[in-house]
Amino acid sequence: MDCRSTERRQWIVANYDVTPVAHIQLLAGQTKHSDAGATIENDYYIFEAVNKVNNVKEIIQCGMGAAKDFLK
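Bear in mind the structure is a predicted one, so any value in this text is a computation, not a measurement.

1. Description of the state of the cysteines
In this structure the tally under the stated criterion is 0 disulfides. Cys-3 takes part in no disulfide bond, and the closest cysteine sulfur to it belongs to Cys-62, at a distance of 4.9 Å. A relative accessible area of 0% means that Cys-62 is categorised as buried.

Structural data, given as structure tokens:
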């Protein structure tokens, strides 16, 4: 799920129930693509987002910058 900007993350929180699922540390040399658009090189979070209207579940994978917004 795209979570590239603070405004987008605020919209997600307003429309989805967002729950942290995992905080993962990458091994040396590993990378992951963040749903916020960057390449993750250290650690990242996985969140479950459940739509408040239709209960459709989605996954958010993001680095610490975006994760801090969701954890607030």
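2. Topic: the sheet that holds strand 5 (residues 57-63)
Spatially, 1-4-5 is the arrangement adopted by the 3 strands of the open sheet, whose pairing is antiparallel. This sheet does not close on itself; its edge strands, each paired only once, are strand 1 (16-25) and strand 5. In this sheet, adjacent strand axes meet at a mean angle of 25° when their direction is disregarded. Alignment of strand 4 (residues 43-51) against strand 5, held across 7 bridges, turns out to be antiparallel. Bridge assignment links Val-50 to a residue of strand 5, and that residue is Lys-57. Helix 1 (residues 6-15) rests against strand 1, strand 4 and strand 5 of the sheet, and its axis sits at about 120° to strand 1. Sheet strands touched by helix 2 (residues 64-71): strand 1, strand 4 and strand 5. Its angle to strand 5, the strand with the most contacts, is close to 130°.

3. Here we look at the pattern of salt bridges
Evaluation of the coordinates by the stated rule reveals 2 salt bridges. Between Asp-69 and Arg-9 there is a salt bridge; the shortest N-O distance is 2.7 Å. Residue Asp-69 is found in helix 2, and its partner Arg-9 is found in helix 1; the two are separated by 60 residues along the sequence. As a salt-bridge pair, Lys-72 and Asp-69 come within 3.9 Å of each other at their nearest N and O atoms.

4. As for the packing of aromatic side chains
The geometry of two aromatic rings is summed up by the distance between their centres and the angle between their planes. By the definition in use, this model includes 3 aromatic pairs. Ring centres of Tyr-45 and Phe-47 lie 5.5 Å apart, and the angle between their planes is 20°; this geometry places the pair in the stacked category. Looking at Tyr-45, the relative accessible area reads 14%, which means it is buried. Judged by its relative accessible area of 0%, Phe-47 is buried. The interplanar angle of 50° and the centroid separation of 5.2 Å between the aromatic rings of Phe-47 and Phe-70 together place this pair among those described as tilted.

Basis of the calculations
Sequence order as written defines the numbering, with residues in each chain counted from 1. Confidence filtering applies because this is a predicted model: local features only for residues at pLDDT of at least 70, side-chain atom pairs given and counted only at 80 or more, and all residues used for totals across whole chains, interfaces and linings. To obtain the side-chain values, all non-hydrogen atoms of the structure were used and water was disregarded. Any two cysteine sulfur atoms within 2.5 Å of one another count as a disulfide. The rule is simple: take the accessible area with a 1.4 Å probe, protein chains only, and divide by the maximum for that residue type; under 20% is buried, over 50% is exposed, in between is partly exposed. Strands qualify as paired when DSSP identifies two bridges or more between them. Starting at the N terminus, helices and strands are each numbered in turn, a helix being any DSSP run of H or I of at least four residues and a strand any DSSP run of E of at least two. To obtain each axis, a line is fitted to C-alpha atoms, and for helices this fit is confined to the stretch in contact; angles are then taken between N-to-C directions over 0 to 180 degrees. Residue contacts are counted whenever heavy atoms from the two residues lie within 4.5 Å of one another. The salt bridge criterion pairs a side-chain nitrogen of Lys or Arg with a carboxyl oxygen of Asp or Glu, the two atoms within 4 Å. Any Phe, Tyr or Trp ring, taking Trp's six-membered ring, that has another such ring centre within 6.5 Å forms a pair; planes under 30 degrees apart are called stacked, those over 60 apart edge-to-face, and the others tilted.

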